Amino acid sequence: MSRPLPNIMALPVVLYALAFWLQGQTKPFIITSGIAILVFRSELLIFLGLLLAYDVIFRKVSISSVLKIALPAGLAILVSTIILDSFFWRRILWPEGEVLWYNTILNKSSDWGTSPFLWYFYSALPRALGASIILVPIGFYLEPRIRALVVAALSFVLIYSILPHKELRFIVYVFPVLNLAAACACSRFWINSGKSLWQQILAFGAGAHLLINILITVFLLVVSSTNYPGGVALTRLHRLEADAVNVSVHIANLAAQSGVSRFLQIRDDWHYCKNESVTYDPDMTQHYTHLLVEAKNKNNLQLWSNLQEEFETLDFVDCFNNIGIQYSSLVPVRIKTKPCIGILKRRKPPTDVKSKKKTNDEKKSKNKKKSIEKRAIDNSLIVEDEVPKDLPSEEKTISKALEDPLELVKNVESIQNDMFDPKASIEDGYVEDWTLEAMDEDEFEKPVEAQQTRAQPTFSSKATEDSDITAQEPIDASNQMDDISDQPSKDINFQELHNLALGKVNRKTLATRRKIRQLIEQHYRSKGRQVENSAEKIDKRPATGQRQTVKAIIKQERIKEMIEQIATMDLTRICDLEHVSTKDCLKQVIDRLDADEKISSNA
């Protein structure tokens, strides 16, 4: 009832056809049979064809009259189903023709499992009919009018048993027929119940068998409830990880076939994947936070040998194994289960899934930010010519402020330095990239020329060593910036981004860095956050020059870090570049990196 498969949809049409056959109405019987065969299930040709052959053999209807009805009706039904289904499938298609070819001619249905030849008779029919199966031969003997119908039904089951792949739903059409035979036996017993004591016992047995059927149905319902471990596993995962967000769970084939449906995918912020090609190699599972995997036992080491380091076991879900007999219990029958599906959780969040937990990259970023703060203080405050008298107390204040970033920004912003040399700052290296990208040639040269006549401050030995290495970089950088400013504002070329990731430095890669920087600054502005020393608009500095705040330096270093992260990413694994431009893809990446930064800072 809960599975809208073609067999279930064909069943009402088959019941109408059988009713017309019992009433001797040949024309409606042929038309309804044609609908059931050509539209829903082609194997019904065996069952309903045997009934029609019975009428022809016993001269209840002639072959010519059958052809006069069957040919035009069959042609009309066939054309209708081809037109309708071709419209929905967007290609010329006769669905049942393809099913017949696939299952019968090619015998591809056996790929989904095979059963013994007599499986329908010793397993499917007894489970479906229950105690009524005992009354079927009695009704067959007592009621001559249903004999042909029962023979046709059993013959259909016997012929269809040739197909190796067997399912109970394939023969669902014969259950009403066999129940009809059992009902005939019950009716005869009930009518004759007043004739003798024996007839009363038979009538009582006919009524009692209905109660037995109810008990069997309840028992089989309990057994069947253990056949859906996939649905139980996904429901249990939702309960165990109720507070988790942005979960990516892979659903294995067994789980997908045993209860997992779209109705259970209740979390909009979770990603559910049923990709059957996923193996349990680290490369294939690196994007998932949770796995629903098949488990033959709780120590499934052979299957999970590649998963033990990355994933931990949250729970196991059992499924039906067999039915056992227990003599020491009030209920002698026991349903035995075995582990079927394991619920696994990644020990560390994957790199492409947002998480409130800090990843190693976020920790490194935080440590790097602290290093930048310390270097900014060393390079801008510790000037040999301007050493304050109360230096020990100043160092103590700065050390204390490092523990509190907000206090650091307030303290450093209150300290003004009249001696500022952009050239020296660039040579020191800590603002090299963002200074080159943020300033055009005119704005870069003005402060430098103004400072050439002033005394140059003496930096620490570390800064002197760096300046010896990069002494010629500002001149080259200004020339490069002149070239960069001439680059047209267009979409970022993927090849240029690839060259940037390889570490190639040329005119095009510098232009690509500038474009990425502009996208990041646009992102910050869209969020209502101010960007100092923007690449698009920079307030011109006075000739005397003024030292930038550490807060601004940290902001620019964050932009620099984002550029470095984006330059090393493989965009083909993040976006579908055939349908999304590189620029739009980069915007998505920037949003994700910014969100990760917020999560790490809040945590």
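Structure: see above.
For clarity, every value in this text was computed on a predicted model and none was experimentally measured.

Thresholds applied
Residues numbered from 1 in each chain as written. Predicted model: local features only at pLDDT ≥ 70, side-chain atom pairs only at ≥ 80, totals over all residues. Heavy atoms only, no water. Helix = DSSP H or I, 4+ residues; strand = E, 2+ residues; numbered from the N terminus. Buried < 20%, exposed > 50% of the residue type's maximum accessible area, 1.4 Å probe, protein only. Contact = heavy atoms within 4.5 Å. Areas by Shrake-Rupley, 256 points an atom, 1.4 Å probe, with all protein chains shown as cover. Core = buried A, V, L, I, M, F, W, Y, C linked by side-chain atoms within 4.5 Å. Salt bridge = Lys/Arg side-chain N within 4 Å of Asp/Glu carboxyl O. Phe/Tyr/Trp six-rings, centres within 6.5 Å; stacked < 30°, edge-to-face > 60°. Disulfide = S-S within 2.5 Å. Expected span 1.5 Å × (residues − 1). Pairing = 2+ DSSP bridges. Axes fitted to C-alpha atoms, helices over the stretch in contact; angles between N-to-C directions. Parallel < 35°, antiparallel > 145°, perpendicular 65-115°, else oblique. Nonpolar A, V, L, I, M, F, W, Y, C, P; charged D, E, K, R; others polar.

### As for the overall build of the chain
So, step 1. Along its length, the chain carries 26 helices and 5 strands.
So, step 2. The buried share of the chain, reckoned over its 603 residues, is 40%.
So, step 3. Taking the intrachain contacts of the chain between residues at least 6 apart in sequence as the baseline, contacts between residues at least 24 apart amount to 70%.
So, step 4. On the chain, roughly 35200 Å² of surface is accessible, and the fraction owed to carbon and sulfur atoms is 57%.

### Examining the nonpolar core
So, step 1. If you look at the biggest cluster of nonpolar residues, it comprises 52 residues, and the most contacted ones within it are L44, F47, L48, L51, I171, Y173 and V174.
So, step 2. At the level of secondary structure, the elements contributing two or more residues to this core comprise α1 (6–22), α2 (26–40), α3 (44–57), α4 (63–89), α6 (119–129), α7 (135–142), α8 (147–160) and α9 (174–191).
So, step 3. In terms of residues, this core owes the most to one element, α9, which gives 10 residues.
So, step 4. Discounting residues that sit within four places of it in the chain, L48 has contacts with A17, L18, F29, S33, A36 and I37.
So, step 5. Counting residues in hydrophobic clusters, the runner-up holds 17 residues, among them A233, V247, I251 and C340.

### Quick word on the pattern of salt bridges
So, step 1. Applying the stated criterion across every chain yields a total of 8 salt bridges.
So, step 2. Note that R91 is salt-bridged to E98, the shortest N-O span being 3.0 Å.
So, step 3. Owing to a relative accessible area of 40%, R91 belongs among the partly exposed residues under this scheme.
So, step 4. Judged by its relative accessible area of 38%, E98 falls in the partly exposed class.

### Quick notes on the packing of aromatic side chains
So, step 1. For the coordinates displayed, the defined rule picks out 10 aromatic pairs.
So, step 2. Taking the centre distance of 5.3 Å and the plane angle of 70° together, the rings of F87 and F88 count as edge-to-face. Like F87, the residue F88 is exposed in the burial classification.
So, step 3. Geometrically, the ring pair formed by F156 and Y160 is stacked, given 5.6 Å between the ring centres and 20° between the ring planes.

### Focus: the environment of V13
So, step 1. Positionally, V13 belongs in helix α1.
So, step 2. Accessibility expressed as a relative area gives 18% for V13, which makes it buried.
So, step 3. In this structure, V13 is in contact with T32, I35, A36 and F40, ignoring residues within four places of it in sequence.

### Structural notes on the state of the cysteines
So, step 1. Taken as a whole, this structure holds 1 disulfide when the rule is applied.
So, step 2. A sulfur-sulfur separation of 1.6 Å characterises the disulfide bridge that pairs C319 with C340. Linking C319 in strand β4 (residues 311–325) with C340 in strand β5 (residues 333–346), this pair joins segments that are 21 residues apart in sequence.
So, step 3. Exposure remark for C319: the relative accessible area of 9% places this residue in the buried category.
So, step 4. Here C184 stays unpaired: no disulfide links it, and the sulfur of C186, its closest cysteine neighbor, is 9.4 Å away.
So, step 5. Judged by relative accessible area, which is 19%, C184 ranks as buried.
So, step 6. For C186, a relative accessible area of 16% puts it in the buried group.

### Concerning helix α10 (residues 197–225)
At 3.6 residues per turn, the α-helix brings residues three or four places apart onto the same side.
So, step 1. Here α10 spans 42 Å end to end across 29 residues, near enough to the 42 Å set by a 1.5 Å rise per residue.
So, step 2. For α10, the set of buried residues is Q199, A203, A206, H209, N213 and V223.
So, step 3. The elements touched by buried residues of α10 are α6, α7, α9, β4 and β5.

### Considerations on the sheet that holds strand β2 (residues 271–273)
Strand pairing in a sheet relies on backbone hydrogen bonds. The paired strands run either parallel or antiparallel.
So, step 1. The mixed open sheet is built from 5 strands, whose spatial order is β2-β1-β3-β5-β4. The two strands at the open ends of the sheet, each matched to only one other strand, are β2 and β4. On average, each strand axis in the sheet is tilted by 20° relative to the strand beside it, whichever way the strands run.
So, step 2. Pairing analysis gives 3 bridges linking strand β1 (residues 248–251) to strand β3 (residues 290–294), with the strands arranged parallel. Within β3, the residue paired with V249 across the bridge is H290.
So, step 3. Here α10 sits on the sheet and contacts β4 and β5; the angle it forms with β5, its principal contact strand, is near 25°.

### Focus: the packing of α7 against α9
So, step 1. Relative to each other, α7 and α9 sit at 70°, their axes nearing to 7 Å. Taken together, α7 and α9 sit at an angle that is classed as roughly perpendicular. Contacts from L135, V136, I138, G139, F140 and L142 in α7 reach L178, A181, A182, A185, C186, R188 and F189 in α9.
So, step 2. For the contact of α7 with α9, the residue count by class is 11 nonpolar, 1 polar and 1 charged.

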